[in-house]
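Okay, here's what each chain looks like letter by letter:
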Amino acid sequence: MATDAPPPSKEQHKLPSTEEFVEVHESAEFVELRRSYRSFAFPLTVAFIAWYLLYVLLSNYAGDFMGTKLFGNINVAFVFGIAQFVTTFLIAWWYARHASAKLDPKAEAIKTRMEGGA
């Protein structure tokens, strides 16, 4: 199986001390990394859970609406159900793009510095 990641390095990296971990945890760079992650992940998680609960609530309490035929044997409930899968994959794709562009470079810089490469 091919991956984009290079094979692991054979050289040994120094392990950071507890003080170094605390220092990095309190650094502006790490705070920015956490902020970038949270500002993306939390709102999207809340939105997706609300969308899912809407589907469940409509399925339970709006049976006539959900049973409305759109064409052939396809009804509103089926379309909403398929939309659940589509939005799940779209959110995963969007997060992967966000992580590649914004999170991974910052995390790699912190990791490199912590391992003594910087």
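Residues numbered from 1 in each chain as written. Predicted model: local features only at pLDDT ≥ 70, side-chain atom pairs only at ≥ 80, totals over all residues. Heavy atoms only, no water.

Draft legend 1. View of the overall build of the protein chain. Within the protein chain, the secondary structure is distributed over four helices and two strands. Relative to its 118 residues, the protein chain shows a buried fraction of 18%. Taking the intrachain contacts of the protein chain between residues at least 6 apart in sequence as the baseline, contacts between residues at least 24 apart amount to 62%. Only carbon and sulfur atoms are counted for the fraction: they give 67% of the accessible area of the protein chain, which is about 9,200 Å². (Helix = DSSP H or I, 4+ residues; strand = E, 2+ residues; numbered from the N terminus. Buried < 20%, exposed > 50% of the residue type's maximum accessible area, 1.4 Å probe, protein only. Contact = heavy atoms within 4.5 Å. Areas by Shrake-Rupley, 256 points an atom, 1.4 Å probe, with all protein chains shown as cover.)

Draft legend 2. Summary view of the packing of helix H2 (residues 28-61) against helix H4 (residues 76-114). Relative orientation of the contacting elements H2 and H4 amounts to 170°, with a least axis distance of 10 Å. The pairing of H2 with H4 is recorded here as roughly antiparallel in orientation. A class-by-class count of the residues in the contact of H2 with H4 yields 20 nonpolar, six polar and four charged. (Axes fitted to C-alpha atoms, helices over the stretch in contact; angles between N-to-C directions. Parallel < 35°, antiparallel > 145°, perpendicular 65-115°, else oblique. Nonpolar A, V, L, I, M, F, W, Y, C, P; charged D, E, K, R; others polar.)

Draft legend 3. Representation of the packing of helix H1 (residues 18-25) against H4 within the structure. Following both chains from N to C, one finds H1 and H4 inclined at 155°, their axes separated by 11 Å at the closest point. The orientation of H1 relative to H4 falls into the category roughly antiparallel. Both H1 and H4 take part in a crossing whose hand is right-handed. Of the residues in H4, those touching H1 at Glu-20, Phe-21 and Val-24 are Ile-110, Arg-113 and Met-114. Classifying every residue of the contact of H1 with H4 gives four nonpolar, no polar and two charged. (Left-handed = near helix turned anticlockwise from the far one by under 90°.)

Draft legend 4. Structural context of the pattern of salt bridges. Evaluation of the coordinates by the stated rule reveals three salt bridges. The closest approach of N and O atoms between Glu-32 and Arg-35, which form a salt bridge, is 2.8 Å. Remark: Arg-35 and Glu-32 occur in helix H2; sequence separation between them is three residues, near one turn of the helix. A salt bridge links Lys-106 to Glu-32, with the shortest nitrogen-to-oxygen separation between them at 3.3 Å. Of the two residues, Lys-106 sits in helix H4 while Glu-32 sits in helix H2, which places them 74 residues apart along the sequence. For Lys-106, a relative accessible area of 25% puts it in the partly exposed group. (Salt bridge = Lys/Arg side-chain N within 4 Å of Asp/Glu carboxyl O.)

Draft legend 5. Expanded view of the side chain of Gln-84. With respect to the helices, strands and loops of the structure, Gln-84 is situated in helix H4. Setting aside residues no more than four positions away along its own chain, Gln-84 makes contact with Phe-48, Trp-51, Tyr-52 and Tyr-55.

Draft legend 6. Spotlight on the packing of aromatic side chains. Going through the model one piece at a time under the given rule, you end up with five aromatic pairs. Seen in terms of ring centroids, Trp-51 and Phe-80 are 5.6 Å apart; in terms of plane orientation they differ by 55°. Their pairing is tilted. With Trp-51 in helix H2 and Phe-80 in helix H4, this residue pair connects regions lying 29 residues apart in the sequence. Residue Trp-51 is classed as partly exposed on the basis of its relative accessible area of 21%. In textbook terms, an aromatic cluster arises when at least three aromatic residues are bridged by ring pairs, as seen for Tyr-37, Phe-40, Trp-94 and Tyr-95. (Phe/Tyr/Trp six-rings, centres within 6.5 Å; stacked < 30°, edge-to-face > 60°.)

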